[in-house]
Amino acid sequence: LLKFDNVLNDQRQVIFSQRNEVIENKDSKQYSENFLDEIIDDSTFNEALKSFNNFQKSDAQFSIKQYLSKNPNSKEGYLLKALISKYDFQDPKQAISDLTMAINLDKNYAEAYYNRGNVFLKLQNRELALKSFDHAIKLKPDYKIALNNRGNLLRDVGKLEEALQSYLKAIKVK
């Protein structure tokens, strides 16, 4: 009960600080426009994601382009843009570029390294694919799908012992 009460108190503090910010802000119109822009940006990202999930590539590309024009430092935006590009592999170089941009924004973004590894693998660049999978696993040692894809790659190049080790690590992940 005390934990619940503390959560409510924390929420009240946030609400009151936002209320005070609005009251103290001389230009409430600008404040509300900024607030609406944040909501619209989130909805634009969500629209891109929804379109991507429904296999509506052109709609997804349009929405993510709008989102990134207002949020050029969004690693999630570049990851989604790359996933849209690699969706049918019409533009794998663009996917690599977008994933590299996401990595440049956050060097610890394991998902971007993993996805870049998949694109390199599709392009038959096994060396860069393995480096990307390894980096993703270094950042996130329990990254089951990266361990599995690493194992598949090592199996395909005849490194069966290393592949087995990668598979065993993936199996141990809960």
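For the structure itself, look to the data block above.
Calculation notes
Residues numbered from 1 in each chain as written. Predicted model: local features only at pLDDT ≥ 70, side-chain atom pairs only at ≥ 80, totals over all residues. Heavy atoms only, no water. Core = buried A, V, L, I, M, F, W, Y, C linked by side-chain atoms within 4.5 Å. Buried < 20%, exposed > 50% of the residue type's maximum accessible area, 1.4 Å probe, protein only. Helix = DSSP H or I, 4+ residues; strand = E, 2+ residues; numbered from the N terminus. Contact = heavy atoms within 4.5 Å. Expected span 1.5 Å × (residues − 1). Arc of directions from axis to C-beta. Axes fitted to C-alpha atoms, helices over the stretch in contact; angles between N-to-C directions. Parallel < 35°, antiparallel > 145°, perpendicular 65-115°, else oblique. Left-handed = near helix turned anticlockwise from the far one by under 90°. Nonpolar A, V, L, I, M, F, W, Y, C, P; charged D, E, K, R; others polar. Salt bridge = Lys/Arg side-chain N within 4 Å of Asp/Glu carboxyl O. Patch = residues over 30% accessible without salt bridge, like charges linked within 9 Å, V, L, I, M, F, W, Y side chains within 5 Å. Areas by Shrake-Rupley, 256 points an atom, 1.4 Å probe, with all protein chains shown as cover.

Participant: Please set out the nonpolar core residue by residue, giving values where relevant.
Facilitator: With 34 residues, the main nonpolar core has Ile64, Leu80 and Ala136 as its most contacted residues. At the level of secondary structure, the elements contributing two or more residues to this core comprise helix H2 (28-53), helix H3 (57-70), helix H4 (75-86), helix H5 (92-105), helix H6 (110-122), helix H7 (126-139) and helix H8 (144-156). Residue contributions to this core peak at 6 residues, all from H6. If near-sequence neighbours (up to four positions away) are discounted, Ala136 is found in contact with Ala110, Tyr113, Tyr114, Tyr143 and Ala146.

Participant: Would you mind going over H7 in detail, with residue names and values included?
Facilitator: Look at H7: 20 Å from first C-alpha to last across 14 residues, which is about the 20 Å you get at 1.5 Å a residue. Of all the positions in H7, only Ala129, Ser132, Phe133, Ala136 and Ile137 are classed as buried. Seen from one end, H7 has its buried residues packed into an arc of 135 degrees, which puts them on one side. Turned more than 90 degrees from where H7 packs its buried face, Glu127, Lys131 and Lys138 sit exposed. Here the buried face of H7 lies against H6 and H8.

Participant: Pulling in residues and values, what's your account of the packing of H8 against helix H9 (residues 160-172)?
Facilitator: The description of two packed helices rests on the angle between their axes and on the distance between the axes. One can describe the packing of H8 onto H9 by two numbers: an axis separation of 8 Å at closest approach and a directional angle of 165 degrees. By the angle between their directions, the pair H8 and H9 is classed as roughly antiparallel. The handedness of the crossing between H8 and H9 comes out as left-handed. Counted together, Lys144, Leu147, Asn148, Arg150, Gly151, Asn152, Leu154 and Arg155 of H8 and Leu160, Glu162, Ala163, Ser166, Tyr167, Lys169 and Ala170 of H9 form the full contact between these two elements. Across the contact of H8 with H9, the residue classes tally to 6 nonpolar, 4 polar and 5 charged.

Participant: Could you give an account of the packing of H3 against H4, naming the residues involved and the relevant values?
Facilitator: Contact pair H3 / H4: the axes reach a minimum separation of 10 Å and the direction vectors enclose 155 degrees. In this view, H3 runs roughly antiparallel relative to H4, as classed from their interaxial angle. Both H3 and H4 take part in a crossing whose hand is left-handed. Residues Lys57, Ala60, Gln61, Ile64, Tyr67 and Leu68 of H3 form the contact with H4, whose own contacting residues are Gly77, Tyr78, Leu80, Lys81, Ile84 and Ser85. Residue classes in the contact of H3 with H4 are distributed as 7 nonpolar, 3 polar and 2 charged.

Participant: Describe the pattern of salt bridges, with residues and values.
Facilitator: Scanning the model with the defined rule gives 6 salt bridges in all. Of the charged contacts, one joins Asp98 and Lys81 as a salt bridge, the two residues approaching to 3.2 Å between their closest N and O atoms. Placement of Asp98 in helix H5 and of Lys81 in helix H4 is noted, with a sequence separation of 17 residues between them.

Participant: How would you sum up H3? Please name residues and give values.
Facilitator: Structural remark: α-helix, 3.6 residues per turn; residues separated by three or four positions point the same way. Here H3 spans 20 Å end to end across 14 residues, near enough to the 20 Å set by a 1.5 Å rise per residue. Listing the buried residues of H3 in full gives Lys57, Ala60, Ser63, Ile64, Tyr67 and Leu68. Looking straight down H3, one finds that the buried residues subtend no more than 130 degrees of arc, so they occupy a single side. For H3, the exposed residues set more than 90 degrees away from the buried face come down to Ser58, Phe62, Lys65 and Ser69.

Participant: Describe a nonpolar patch on the surface, and please don't skip the residues or the numbers.
Facilitator: Among the surface-exposed residues, Leu164, Leu168 and Ile171 lie close enough to one another that they form a single nonpolar patch of about 280 Å² accessible area. By the secondary structure assignment, Leu168 is in helix H9. For Leu168, a relative accessible area of 36% puts it in the partly exposed group.

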